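A closer look at the structure
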Amino acid sequence: MNTITGLFYLFSAVLLFAAFRVITARSTVHAALFLVLSFFSASCIWMLLRAEFLAITLVLVYVGAVMVLFLFVVMMLDINSDKFREGFWTHLPIAGLVGALIALQMALVLMRGFQLEAPAPTAKALEMGNTKLLGIEIYTHYLYPLQLAAVLLLVAIIAAIALTLRERKDSRHMNPGEQVRVKKADRVRLVKMDATVEQPSAPKQEGGAA
């Protein structure tokens, strides 16, 4: 076993552990942090596969932007995750069976692709580089899936904004339109009063009259 193989098994073990903790952590914030760890582990595996552009994109886009937005939405919504986790272990056998069937179907579909031998890179491909070749493939052969993914991300952004802007009883908000339209007469009122002089009161005498 060489160094690359050892690192692959190490990052794979960390990735599997972090993915398992994402679905078993009681705190939603902790689950999001374990998801960040799984993204970093997947990025390291891609670096071992010499897919530097995909690794950097995973860190910058998912860890740097998507996960920050996810944590922001989770903290803004303040969701009580205990109600969602009720009966988790009861449905675990069915969920495990469904997950095993999905993994088996993906393996049957992708097994043929894994058995193909990778073509030797040509001199032109080596000159263009990994990033340029990936851009050519995305914006020529996979243009429609790219546009579909962009639409899905736009829908997810709109849904996150709609969830965070819902009315809550324990939150205070201001209407910017009313603040812009406000005038000085609506906030400040000058009251004119006549000046009065307070008369000094007579000192009280101790004891009764003589």
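A quick note: this is a predicted structure, and the numbers were derived from the prediction, not measured.

The helix and strand inventory of the protein chain stands at 10 helices and zero strands. If you list the helices and strands of the protein chain from N to C, you get α-α-α-α-α-α-α-α-α-α. For the protein chain, the residues scored as buried account for 11% of the 210 residues in total. Within the protein chain, counting contacts between residues at least 6 apart in sequence, those at least 24 apart form 63% of the total. Total accessible area on the protein chain is roughly 18600 Å²; 67% of this is exposed by carbon and sulfur atoms.

We now examine unusual backbone geometry. The backbone phi angle of R50 is positive, close to 65°, even though this residue is not glycine. Assessed through its relative accessible area of 69%, R50 is described here as exposed.

We describe a pair of aromatic rings using the distance from one ring centre to the other and the angle between the two ring planes. The final tally for this structure, using the stated rule, is three aromatic pairs. Ring plane angle 70° and centroid distance 5.8 Å describe the contact between F8 and Y9, whose orientation is recorded as edge-to-face. For F8, a relative accessible area of 37% puts it in the partly exposed group. For the ring pair F17 and F34, a centre distance of 6.2 Å and an interplane angle of 85° mean the geometry is edge-to-face. Linking F17 in helix α1 (residues 3-24) with F34 in helix α2 (residues 28-48), this pair joins segments that are 17 residues apart in sequence. Residue F34 is classed as partly exposed on the basis of its relative accessible area, which comes to 21%.

Our next topic: the nonpolar core. Counting eight residues, the largest nonpolar core consists of A32, V36, F39, A42, L58, V63, M67 and L71. Residue assignment for this core shows that the elements contributing at least two residues are α2 and α3 (52-77). Setting aside residues up to four positions removed in sequence, F39 forms contacts with L58, Y62, V63 and M67.

Quick look at the side chain of S38 now. Residue position: S38 is located in helix α2. Of the residues examined, S38 reaches a relative accessible area of 5% and is grouped as buried. Within polar-contact distance, the side chain of S38 engages the backbone oxygen of L35 at 2.5 Å. Ignoring sequence-local partners within four residues, the contact set of S38 consists of L15, A18 and A19.

As a further point, take the UniProt feature "transmembrane region" (unreviewed entry) in the protein chain. Under the UniProt annotation, "transmembrane region" (unreviewed entry) lies at residues 6-24, 31-49, 55-77, 89-111 and 142-165. For residues 6-24, the end-to-end C-alpha separation is 27 Å, with 100% helix and 0% strand making up the annotated structure. With 87% helix and 0% strand, residues 89-111 has its two end C-alpha atoms placed 32 Å apart.

With that settled, the discussion passes to the side chain of S41. Take S41: it is sitting in helix α2. Not counting chain neighbours up to four residues away, the residues in contact with S41 comprise F11, V14 and L15.

As a further point, take a nonpolar patch on the surface. Nonpolar side chains collect at one region of the surface, where I94, V98, I102, M106, V109 and L110 lie side by side and expose about 580 Å² of accessible area between them. Mapped onto the secondary structure, V98 falls in helix α5 (residues 92-115). For V98, a relative accessible area of 42% puts it in the partly exposed group.

With their axes 8 Å apart at the nearest point, α1 and α2 run at an angle of 160° to one another. The orientation of α1 relative to α2 falls into the category roughly antiparallel. For the crossing formed where α1 meets α2, the hand is left-handed. Along the contact surface, α1 presents I4, L7, F8, F11, S12, V14, L15, F17, A18, A19, R21 and V22, while α2 presents A31, F34, L35, L37, S38, S41, A42, C44, I45 and L48.

Cut-offs used in this document
- Residues numbered from 1 in each chain as written.
- Predicted model: local features only at pLDDT ≥ 70, side-chain atom pairs only at ≥ 80, totals over all residues.
- Heavy atoms only, no water.
- Helix = DSSP H or I, 4+ residues; strand = E, 2+ residues; numbered from the N terminus.
- Buried < 20%, exposed > 50% of the residue type's maximum accessible area, 1.4 Å probe, protein only.
- Contact = heavy atoms within 4.5 Å.
- Areas by Shrake-Rupley, 256 points an atom, 1.4 Å probe, with all protein chains shown as cover.
- Phe/Tyr/Trp six-rings, centres within 6.5 Å; stacked < 30°, edge-to-face > 60°.
- Core = buried A, V, L, I, M, F, W, Y, C linked by side-chain atoms within 4.5 Å.
- Polar contact = N/O pair within 3.5 Å; in protein donor to acceptor, adjacent residues only side chain to side chain.
- UniProt positions renumbered as here; feature names shortened; annotations may be inferred.
- Patch = residues over 30% accessible without salt bridge, like charges linked within 9 Å, V, L, I, M, F, W, Y side chains within 5 Å.
- Salt bridge = Lys/Arg side-chain N within 4 Å of Asp/Glu carboxyl O.
- Axes fitted to C-alpha atoms, helices over the stretch in contact; angles between N-to-C directions.
- Parallel < 35°, antiparallel > 145°, perpendicular 65-115°, else oblique.
- Left-handed = near helix turned anticlockwise from the far one by under 90°.

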